[in-house]
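# Per-entry structural report
Here's the letter readout for the chains.
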Amino acid sequence: TNMVLELLSLTNPVFKSYTFWAGVLVIKMLAMSMLTAIQRFKTKTFANPEDLMSPKLKVKFDDPNVERVRRAHRNDLENILPFFVVGLLYTLTNPSAFLATNLFRAVGISRIVHTLVYAVVVVPQPARALSFFVALGATAYMALQVVLAGAF
Amino acid sequence: TNMVLELLSLTNPVFKSYTFWAGVLVIKMLAMSMLTAIQRFKTKTFANPEDLMSPKLKVKFDDPNVERVRRAHRNDLENILPFFVVGLLYTLTNPSAFLATNLFRAVGISRIVHTLVYAVVVVPQPARALSFFVALGATAYMALQVVLAGAF
Amino acid sequence: TNMVLELLSLTNPVFKSYTFWAGVLVIKMLAMSMLTAIQRFKTKTFANPEDLMSPKLKVKFDDPNVERVRRAHRNDLENILPFFVVGLLYTLTNPSAFLATNLFRAVGISRIVHTLVYAVVVVPQPARALSFFVALGATAYMALQVVLAGAF
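One structure accompanies this document, and this report is about it. All of these numbers come straight from a predicted model, not from anything done at the bench. (Residues numbered from 1 in each chain as written. Chains lettered and ligands numbered in written order. Predicted model: local features only at pLDDT ≥ 70, side-chain atom pairs only at ≥ 80, totals over all residues. Heavy atoms only, no water.)

## A few points about the overall build of chain A
The helix and strand tally for chain A stands at 5 helices and 0 strands. Its helices and strands in sequence order give chain A the pattern α-α-α-α-α, from N to C terminus. For a compact globule of 152 residues, the expected C-alpha radius of gyration is about 15 Å, and chain A comes in at 19 Å, more than 25% above that figure. Along the three orthogonal principal directions, the C-alpha set of chain A runs to about 65 × 35 × 25 Å. Looking at chain A as a whole, 57% of its 152 residues are labelled buried. For chain A, contacts bridging at least 24 residues in sequence account for 70% of all contacts bridging at least 6. Here chain A displays about 6400 Å² of accessible surface, and carbon together with sulfur accounts for 69% of that area. Looking at charge distribution, chain A has the averaged site of its 15 positive side-chain charges lying 6 Å from that of its 8 negative ones. (Helix = DSSP H or I, 4+ residues; strand = E, 2+ residues; numbered from the N terminus. Rg over C-alpha atoms; globule rule 2.2 N^0.38 Å. Buried < 20%, exposed > 50% of the residue type's maximum accessible area, 1.4 Å probe, protein only. Contact = heavy atoms within 4.5 Å. Areas by Shrake-Rupley, 256 points an atom, 1.4 Å probe, with all protein chains shown as cover. Lys, Arg positive; Asp, Glu negative; His and termini not counted. Charge placed at Lys NZ, Arg CZ, Asp CG, Glu CD.)

## Some points on the relation of the copies chain A and chain B
For the pair of chain copies, the relating operation is a rotation around an axis with a shift along it. Mapping chain A onto chain B is achieved by rotating through 120° and translating by 0.0 Å along the same axis, at an RMSD of 0.0 Å. Both copies of the chain, as the preceding transformation shows, are related through a three-fold rotation axis. When the interface residues of chain A are mapped onto chain B, a mere 19% of them again fall at the interface, so the copies present different faces. (Least-squares fit on C-alpha atoms with pLDDT ≥ 70 in both.)

## Side note on the interface of chain A and chain C
Tallying the contact residues gives 32 residues for chain A and 37 residues for chain C. Where chain A abuts chain C, roughly 2700 Å² becomes buried across the two surfaces, and 70% of that area is made up of carbon and sulfur atoms. Seen at the junction of chain A and chain C, the total is 3 salt bridges. Linking R68(C) and E50(A) is a salt bridge whose minimum nitrogen-to-oxygen distance equals 2.8 Å. Where chain A packs against chain C, one counts 10 residue pairs in polar contact (both at pLDDT 80 or more). Elements with a minimum of two residues in the side of chain A that touches chain C: helix 1 (3-7), helix 2 (13-43) and helix 3 (64-92) of chain A. Looking at the side of chain A that touches chain C, the element that brings in the most residues is helix 2 of chain A, giving 14 residues. (Buried area = accessible area lost by both parts, 1.4 Å probe. Salt bridge = Lys/Arg side-chain N within 4 Å of Asp/Glu carboxyl O. Polar contact = N/O pair within 3.5 Å; in protein donor to acceptor, adjacent residues only side chain to side chain.)

## A short note on helix 3 (residues 64-92) of chain B
Residues and elements named next belong to chain B. For helix 3, spanning 29 residues, the distance from its first C-alpha to its last is 42 Å, which sits close to the expected 42 Å at 1.5 Å a residue. At L77, helix 3 is bent by approximately 30°, the largest bend along its length. The element helix 3 is extensively covered by neighbouring structure, given that 25 of its 29 residues are classed as buried. Where helix 3 begins, the capping side chain belongs to D63, and its oxygen is found 2.9 Å from the backbone nitrogen of N65. Of the residues trailing helix 3, N94 is marked for its positive phi of about 55°. (Expected span 1.5 Å × (residues − 1). Bend = angle between axes of the 7 residues up to and from the residue.)

## Digging into the interface of chain A and chain B
Counting residues at the interface gives 37 residues for chain A, matched by 32 residues for chain B. With both chains or domains summed, chain A and chain B bury close to 2700 Å², and 71% of this area falls on carbon and sulfur atoms. The tally of links between chain A and chain B comes to 3 salt bridges. The interface formed by chain A and chain B contains 10 residue pairs in polar contact (both at pLDDT 80 or more). When contributions to the side of chain A that touches chain B are tallied by element, the ones reaching two or more residues are helix 1, helix 3 and helix 5 (127-151) of chain A. Tallied by class, the residues present in the side of chain A that touches chain B amount to 26 nonpolar, 6 polar and 5 charged. (Nonpolar A, V, L, I, M, F, W, Y, C, P; charged D, E, K, R; others polar.)

## Some points on the nonpolar core
Core analysis: the largest hydrophobic core is formed by 102 residues, its most contacted members being Y18(A), F84(A), Y18(B), F84(B), Y18(C) and F84(C). Those residues in contact with Y18(A) that lie beyond four places of it in its chain are F83(A), F84(A), G87(A), L88(A), T91(A), F104(A), V85(C) and L89(C). (Core = buried A, V, L, I, M, F, W, Y, C linked by side-chain atoms within 4.5 Å.)

## Brief notes about the environment of N79(C)
On the secondary structure map, N79(C) appears in helix 3 (residues 64-92). A relative accessible area of 5% places N79(C) in the buried class. Spatially, the C-alpha atoms of N79(C) and T139(C) are 8.3 Å apart, while their sequence positions differ by 60 residues. If we ignore the near neighbours within four places in the chain, the residues touching N79(C) are L30(A), S33(A), R111(C), F132(C) and L136(C).

## Some remarks on a nonpolar patch on the surface
Together, I27(A), L144(C), L148(C) and F152(C) line one region of the surface with nonpolar side chains, adding up to about 410 Å² of accessible area. Mapped onto the fold, I27(A) is located in helix 2. (Patch = residues over 30% accessible without salt bridge, like charges linked within 9 Å, V, L, I, M, F, W, Y side chains within 5 Å.)

## A look at the pattern of salt bridges
In total, this model carries 21 salt bridges over all chains according to the counting rule given. Ionic contacts of the salt-bridge type, sharing partners, join the residues E50(A), D51(A), R68(C) and R128(C) into one network.

## Digging into the side chain of Q39(B)
Residues and elements named next belong to chain B. Counting through the fold element by element, Q39 comes out in helix 2 (residues 13-43). The exposure class assigned to Q39 is buried, which follows from its relative accessible area of 14%. Residues in contact with Q39, not counting those within four places in the same chain, are N65, V66 and V69.

As structure tokens, then:
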């Protein structure tokens, strides 16, 4: 009956691992904004008139370097944000600590790799596809466990 | 005083229902990535040079079938992700189980319908608008209850 | 040992503050959809053939007023949604109530200001940059605390 109390405590290795990786991935996502800003200034690509730092500049939306970072960032929104909720709910299903911590680690590391090969140094496929599917598979597995816990 | 402990336990029907629908909607969102990939391969529309599977292909950003799925996916980010946090916080306000489970069900079903009529089989309006507003209304109601619980 | 129980209770001023601001920011985000819809109808800019209300209209993707609201909305997804998870985990690290409630307040107010100066009344820079960085800084600080709590 003290289950929930223990499950969301940092003394629970599963929750501790979730906390660590969720924090790391939030920092990684915030870094995408910085990466986008760097590319915008480098290529003088600004989306709003009030951002133009010189009257000679015009708004621009199609710089490939900016758009690449923005695609990587959007991919984070699509994959990391759902992981955040499902990882927390999975923790509350009281899973095996070994399995859970490795699933969180798999998501965390593969999403960092995904950013590196997509938006930092472009690595040929299937690097990005592999990192994408490792995180997707781990998240989908946890989501399935969460659905089963909620259904029965 | 054991309130929180009980509120986030799967023995609480409200939390159990939240867990179920949150898991279902995460799987639904992950499926959008698959749907996008299917449309990309079908229409040979790839956004990155390293994704092109033939030297004859060029990057392409404006295929209407790909863009439709991407718009549906973005709409999920805008509506389902806020629901995840507000549904959990609403659960922690200890709401009526009848009301709460039906609100979660309304969000879950209407967001699945939204995807179906937007990105799977295009159904004339107001099908999409209706499914959009059912989920939005339920989420806004929960958000209001959460704000009131936090304010007073 | 009753720590977690207390941490997620509305009797904890930190959780109460988190609940309030999370609810407010969800409502703010849902309002972005309404703002987009208003701009779409004002400028008759619709992205889907089934949304066109007259046979004379065509789908359109480049209206600057619609796109401005959509950029503000996307910026919310990139910044507010990560705050939601990190704010909750930060609450579970049992932080100083004074610091935590002011961090939540800083994020809440600065993100509302960000929307106002970006998408409601365009205010020259650095208004948007400042509001952006206040929220980013507060979120990054919390994320760092969360990572440290999870790591040691």
